[in-house]
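So you can see what is in the structure, the chains are spelled out below.
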Amino acid sequence: MRLQLGPALVAWLALGGEAAAEGEATTETKGVKNVAIIGAGAAGSSAAYYLCQYADEADVKVNITIFEKTDRIGGRTLTVNAYDDAAHPIELGASIFVSVNHILYNGTRNFNLSTGANYREASSADDITAIWDGESFVYETTDGTAWWWDAGKLWWRYGMSPYRAVSLVKDVVGKFLKLYEGPYFPFRSLTARAYELGLVGVTAVTGEQFLKQHKIDEAFSRHIIQAATRVNYASNLAYIHGLETMVRPTRSLLYVSFATDGAMSVTGGNWHIFENMVKNSGAAILRNTTVSSIRFAKGETSSSAPKYEISTSSASAEPELVDTTFDDVIIASPWQFSNIEAGEGVLKHKIEEIPYTKLHVTLFASPFKLHPAFFGLPPGSKAPSNVYTTLAKDEEPKVGADGVGKTGFYSVSTLRTAVNPKANRTEFVYKIFSPKPVTPQFLSDLLGVQVPETFTGPATTTETDGSDGLVEPISWYYPHWFYSYPIELPRVTFQDPILGSGLYYTSGIESFISTMETSALMGMNVARLIVDDAAGVEREAVPGAVSEEDFLLGMVKVDMVVEEPGEL
């Protein structure tokens, strides 16, 4: 059975016309490259946007169809409304980015999107942000404190380690940012680029080893940098490679002593960036449409330029064959979660399965602040408003959810204050990252007020607020979980973006670096490759690029170093 997808609007569409009506795709038109993108997250949206842009510049006609299995655009960027009120949107998924994230930052400017520090609006001048190891606070900073005071505290306690760490971050990030520019961009092999940029030596060791190699104090690494890797990747330094350890802190804790100055988010949700990318690409997007298979079109073989046919399915229907055949297909979501069947000979290169961490994200609103007794503070003490966690000195680091340690969670943040529309009172909105669902007992201890064991949503207690009414300990509650982060163990090879002729994959970058920005970078990279191949463009070689023989020899040498006893 064939799925009929509407009229063929469409050579003019590829030349800059309005987007196809949502839910329709354009059929084949002579001289137009048909491109399918599977997934409308950061990578898929970016691929569509830059494919349209590059094709227009090169006078290549493209017709883009996006298949998205959910009803929304943005992937792991997801906004929910506190109290189910659109006046209080909150990021459930990827929350912040910084100006060095070129694609995201430029997207806000190109699409005239309003930005601000929307990820944490409850901050007042005396709010405390702290790092807790389950026994004591190993570091604290107070909002409104001058940057030089926090810097001074770090230098006083940890000596030259903060300076060395910042210098190391700048060096590693500087190398990574070359991926955005020629001749390093675009790249057909991520492994080769990592080698050419000198980053393989960073990914080949754990963050713990990399920091130790560069004389970063163990206490500073465990207290400060490990808190960053846990809140950003749910990972301890012993189980995350050096590149991810270094790149992520540029947008989080290291430079700014946990105040996250310079970090931003889009008002109303970061997904607006990707929605605008799709709108401006002229692509047709088919929501709630799951791709079930990719095969060579009938009469095609695995020739140098095959065409592909795609079948889709929904919960209420049998798989249907899409009426269009495609010159190029971009798989823009993790293959292991897609359940897509690849026809015989379609995948020239095996797609590696990457282990992911299951992260529980809990949003809730309460009139109660965090309780000092939960953190072992004496009565009357002021509890922090935002708490990041690390391991105590005597705790053994472990991989995945088992590595959370005695704290039991990765972070708890007071995002903002909000007026409860039903109770008409100001409350605090919280966000918790944890490896397991939070329990009523955990919430009772955290807030210092009894949350019933039967709690699944709003509940009441006999606590009073000084008026005639009873106080709900939690007035709004929204639990969710993601396969948010890949487990970034040390490695020296990475999935390349080309799976076969006209078949591309973006999620291979996840084991290299996993962020909204890097997913968008891989989407942009694949778009450039497609247009270059269509236009016959050849890029200049990377200066000093090694031969294939020397490259493979270099990989072998790195492997030998990594595999020496005691190294990992």
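This structure is a prediction, so every number in the text was calculated from the model and none was measured. (Residues numbered from 1 in each chain as written. Predicted model: local features only at pLDDT ≥ 70, side-chain atom pairs only at ≥ 80, totals over all residues. Heavy atoms only, no water.)

(A) Summary view of the pairing of strand S14 (residues 328-331). Where burial is concerned, the two faces of S14 agree: the one with Asp328 and Ile330 and the one with Val329 and Ile331 are both buried. Bridge analysis of strand S2 (residues 33-38) against S14 gives four bridges, and the strand direction is parallel. When the bridges of S14 are listed, isoleucine 38 appears paired with isoleucine 331. The pairing of S14 with strand S22 (residues 503-505) spans three bridges and is parallel. Following the sheet pairing, valine 329 is matched in S22 by leucine 503. (Buried < 20%, exposed > 50% of the residue type's maximum accessible area, 1.4 Å probe, protein only. Helix = DSSP H or I, 4+ residues; strand = E, 2+ residues; numbered from the N terminus. Pairing = 2+ DSSP bridges.)

(B) Seen up close, the packing of aromatic side chains. With the rule as written, the count across this model stands at 24 aromatic pairs. Taking 5.7 Å as the distance between ring centres and 35° as the angle between the ring planes, the aromatic pair formed by tyrosine 50 and tyrosine 54 counts as tilted. With tyrosine 50 and tyrosine 54 both in helix H2 (residues 42-58) and four residues apart, the pair spans about one turn of that helix. Here the two residues tyrosine 50 and tyrosine 54 agree in accessibility, since each one is buried. Ring geometry for tryptophan 481 against tyrosine 483: centres 5.1 Å apart, planes inclined by 80°, an arrangement best described as edge-to-face. Taking the relative accessible area as the measure of exposure, tryptophan 481 reaches 40% and is therefore partly exposed. (Phe/Tyr/Trp six-rings, centres within 6.5 Å; stacked < 30°, edge-to-face > 60°.)

(C) Quick look at the side chain of asparagine 63. Of note, asparagine 63 is situated in strand S3 (residues 62-67). Residue classification places asparagine 63 among the buried residues on the basis of a relative accessible area of 3%. Only 2.5 Å separates the side chain of asparagine 63 from the side chain of asparagine 34, close enough to count as a polar contact. (Polar contact = N/O pair within 3.5 Å; in protein donor to acceptor, adjacent residues only side chain to side chain.)

(D) View of the nonpolar core. One finds Ile37, Ile64, Ile66, Ile330, Trp476 and Phe512 to be the most contacted residues of the largest nonpolar core, which totals 110 residues. Excluding residues within four positions of it along the chain, isoleucine 330 makes contact with Val35, Ala36, Ile37, Ile38, Ala47, Tyr504, Thr506, Val526 and Ile530. Within the second largest apolar cluster, 24 residues are counted, among which are Ala130, Phe137, Phe364 and Leu370. (Core = buried A, V, L, I, M, F, W, Y, C linked by side-chain atoms within 4.5 Å. Contact = heavy atoms within 4.5 Å.)

(E) Here's a closer look at the pairing of strand S19 (residues 425-434). Burial analysis of S19 places nine of its 10 residues in the buried class, the great majority of the element. Strand direction decides the pairing type here: strand S16 (residues 356-366) and S19, joined by seven bridges, are antiparallel. The partner of alanine 365 across the bridge, within S19, is valine 429. Summarising the sheet, strand S18 (residues 411-420) and S19 pair through nine bridges and their orientation is antiparallel. When the sheet's bridge partners are listed, serine 413 is paired in S19 with lysine 431.

(F) Geometry of the pattern of salt bridges. Summed over all chains, the structure comprises 14 salt bridges. When the shortest N-O distance is used, the salt bridge between arginine 425 and glutamate 427 registers 3.0 Å. Of the residues examined, arginine 425 reaches a relative accessible area of 19% and is grouped as buried. Owing to a relative accessible area of 0%, glutamate 427 belongs among the buried residues under this scheme. Ionic contacts of the salt-bridge type, sharing partners, join the residues Arg528, Asp532 and Arg539 into one network. (Salt bridge = Lys/Arg side-chain N within 4 Å of Asp/Glu carboxyl O.)

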